[in-house]
Each structure stands twice: as C-alpha cells, then as structure tokens.
Amino acid sequence: MGEAACDIEIFRDPLAARAVWRELAPERRGSFYQSEAFLLNWLEIYGDTTEPWFIAARDAAGASALLPLGIFRFGPLRVAQFLGGKDSNYNLGLFRDPDAWSAEQVAALLRAAARPPGGPHLYRLLNLPQRWDGRDNPLLRLPHQPSPSPAYCTALAEDGEDLLAGKLSADTRKKMRKKERRLTQMGALTCFRAAPDQANALLDAYFRQKEQAYALGDAAHVARARKFYRALAGQGLELHALALDGRPIAILAAAANGSRLHGLFNSFDPDPEIAKSSPGDLLLARVLRDACARGLKTFDLGVGEARYKRMFCGEREAMGDVLFAGRAAGALARPILAATLRAKAAIKNDARLWGAIQRQRRRLARRAGGEGAD
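To keep things clear, this report deals only with the structure shown in the data block. All chains use their own residue numbering, which begins from 1 and follows the written sequence. Thresholds applied to this predicted model are a pLDDT of at least 70 for local features of residues and 80 or more for the giving and counting of side-chain atom pairs; totals over whole chains, interfaces and linings are not thresholded and use all residues. Just so you know, side-chain values use all the structure's heavy atoms and leave hydrogens and water out.

Let's shift gears to the pairing of strand β6 (residues 122–129). Each residue gets one of three labels from its accessible area relative to the maximum for its type: buried under 20%, exposed over 50%, partly exposed in between, using a 1.4 Å probe on protein chains only. Secondary structure elements follow DSSP: runs of H or I of four or more residues count as helices, runs of E of two or more count as strands, with numbering from the N terminus. β6 sits mainly inside the fold: seven of its eight residues count as buried. In this sheet, β6 lies alongside strand β4 (residues 77–82) in parallel orientation, the contact comprising two bridges. Residue Ala80 lies in a different strand from β6, and its bridge partner there is Tyr123. Two strands pair under a simple rule: DSSP has to find at least two bridges between them. Judged from the six bridges that link them, β6 and strand β17 (residues 319–325) form a sheet pairing that is antiparallel.

To continue, consider the layout of surface pockets. In this structure, the second largest pocket encloses a volume near 280 Å³. Lining the second largest pocket are 17 residues, and of these Trp132, Asp133, Gly134, Arg260 and Thr298 lie nearest its centre. Each residue belonging to the lining of the second largest pocket can be placed in one class, and the counts come to three nonpolar, seven polar and seven charged. Two kinds of site are reported from a 1 Å grid over the protein atoms alone, namely cavities, where a 1.4 Å probe fits but cannot get out, and pockets, open sets with protein on both sides within 12 Å along at least five of seven lines, and residues are called lining when an atom falls within 4 Å of a point. Grid points are joined across faces, edges and corners, and a volume is the space filled by probe spheres set on the points. Note on residue classes: Ala, Val, Leu, Ile, Met, Phe, Trp, Tyr, Cys and Pro are nonpolar, Asp, Glu, Lys and Arg are charged, and everything else, Gly too, is polar.

Soluble globular proteins tend to bury their nonpolar side chains together. Residues Phe54, Leu66, Phe228, Tyr229, Leu232, Leu237 and Leu264 are the most contacted members of the largest nonpolar core, which totals 48 residues. No other element matches helix α3 (residues 36–46), which puts seven residues into this core. Tyr229 has contacts with Asp87, Leu203, Leu237, Leu264 and Phe265, leaving out every residue within four places of it along the chain. Think of a nonpolar core as a cluster: buried Ala, Val, Leu, Ile, Met, Phe, Trp, Tyr and Cys residues, connected wherever their side-chain atoms sit within 4.5 Å. Membership of the second largest hydrophobic core comes to 29 residues, among which are Ile249, Val287, Ala291 and Leu301. Any two residues having at least one pair of non-hydrogen atoms within 4.5 Å are treated as being in contact.

Spatial ordering of the open sheet is given by β11-β12-β13-β14-β15-β10-β16, a layout of seven strands whose pairing is mixed. Each edge of the open sheet is held by one strand with a lone partner, namely β11 (189–193) and β16 (315–317). Ignoring strand direction, the axes of neighbouring strands in this sheet form an average angle of 25°. In the sheet, β11 pairs with strand β12 (residues 237–244) via five bridges, with the strands oriented antiparallel. Paired with Phe192 across the bridge in β12 is Ala241. Note on method: axes are straight lines fitted to C-alpha atoms, helices fitted across the in-contact stretch only, with angles between N-to-C directions ranging 0 to 180 degrees.

Nothing here speaks to function; it is geometry throughout.
Right, here's the structure in full:
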C-alpha cells in the first residue's frame, strides 16, 4: 500500500492548506462541497462556532489526502465533522488514489490527526457517498451505518429529449406540455440562467417563495443564508429560472463541479393558479436539457426523499455515516451518538411518522413566522 507511509499535517487556517487543496483538485476528486468557493464562504458566514481542522497527508509523491473538517462542540466533546452543515449534500475526503487506502490506514490517519492539542475526541462523518466517480469511498472502509436518506442522481445523455423520454412516460410528457401551454396563455414564458447582475434579484425571489410556502422562521438564520448564497453566486453558483412576464415562478440553484451538476435548492411560486402547472418540474426538465447540451455527464438533486427527485433522478446513491473515536472520551460517547443516528434513520424510513413530523414542523415554522411579523 503506497499510502501507508505519510506525513500528516493539521491546518487550522484553511488558506494555509491551499497548496494541498489545489494539488488534489476538488473538481476531479470531490464535489462542489469540497471546493474553495463553497467551504471558504461557508466558514466566513457560519464559522463562528467552528474551528477548521484540515487534515493533510503527504508521501514521497506529494499530497495524498485532504480531509476538510471542522471541530464542533457537543457538550464537553470536540467532534470533527465535514463543513457545510445541511447545505452540504456530498461529504468527501480528497484522496489522490482512493483504492490505495485500506481501512487500517484510514483509521491510522484519523487517530494521528486527533493527537495534537485541541484535536477531536470523535469523528462524526455523515452523508458519505458509498462510491464517487466509479470508485469506493475510503472513509467507508471504516465501520459505518447507512445514512437516514440516500441522494438522487442521474446519468446525462448527449440529447436532452432522449434523456427525458427515458425518464418520463408519454402521458407525463403530454401533461407537462399541457401545463406549459396553460402558463403561456397567462403571459410570456421564458427560461434563463441568471447573469451576474440578476443573481441578487433571483435570490430575493427564492426567499420570498420559500417564505410564502413554508415560513423560514429565525430571521438571523435567513440573513446568514442570504449572505452565503449571494457570495456563492459569483463563485460557481448558477441560478436557473422560469419566468412568466419576467416574474420568476420557479428557481433552481445549481453548481457545476467537473462533469457533474449539483442541484442545491429550488422553489416555485405558491400562487395556486401557477403552482397547478408544476413550474418546478418544467424548469427541471429545461435544466436537464441544458446540462446535456453543455456536455455534462451527471446531475444530482442531493440527499433526501422527494417526488420530483425520484421523477427526474431515478438513481439512488447510497450514503453512509461514520462515527470514529479519536480519543478515549470519544469511544465512550460513540454508542450514544450511534443510537441517535439509528433512531433518526428509523423515523425517516417510517413514512407515516416522518410525514407527521414534517407537518408539525411546518405548523411551528408558520406560527414562528407569524409571531415575528407581529
């Protein structure tokens, strides 16, 4: 195993890790969620409770691995996690040769990186794809359990119409054409990818649509999210929109990383006269056609179950969660956290229970939004 003998360095300043970061090329070995744009902006906005803990491994051939982690506090424990929180859908380490890392070597890397002062008691590595770019994920050679939800993706084709014909039944495509005609009878229907000077207006429309459909709650959280995505809009974030007489009625944010296009978030106008025409589905179909025309190879809609994800991205990507003790205190806490993850998975996989929880969350969020307005 060529990766066995390596030097390990911890970077507490992510900018100091840039040489290793760029050598391991996130656009080829990782996802957008390991890019400099995503992580540096996330740390700028959300990093006040996080200490960066970037683990780099080098051997005679150069950089061999980089794990862009942060240390979070869970009571008395220091817990290392991937950065990005709920905004990150695919958490990956950057490995020069993923096949060269055995479970023992990955474990040795994590133990060594926990030894410096302030190092983690426990690694809590969630939403790890089982495979990436056709290769097994080295982190999932460690003991792990399935994540509560899979991610959804699809291989793209050379021709977008061929792709959609393979995914949607003739009856579904006929209904979508009828819905599109209904919208064109209401006004001029256009679809576009936002220019830089259109990004802020589209993000404002996105937050308005989400607030109307599902109260967003905490104003400070919303303000941070706005700031984060506005920063990303000039650094890799694409905003696609379907507009009626210039008014956005569906929005999809995406980010290209190598040959994959990630769908990050979406919304649609909740006006019943517009919503009944499924503008979000119509926009997704157009984004898929555009992604095929651009020569991209894969499109994903991230982690979590949803009808539109199954409709447009039928391939489920299995995800795993790793809890690995770096120190003795972490070994004591690990069974408790593992039980919490199993309980979360059981709840999410019970359709009736999860549906009831989601409805209660929406009621509470709307109530909180109403109280804030008063």
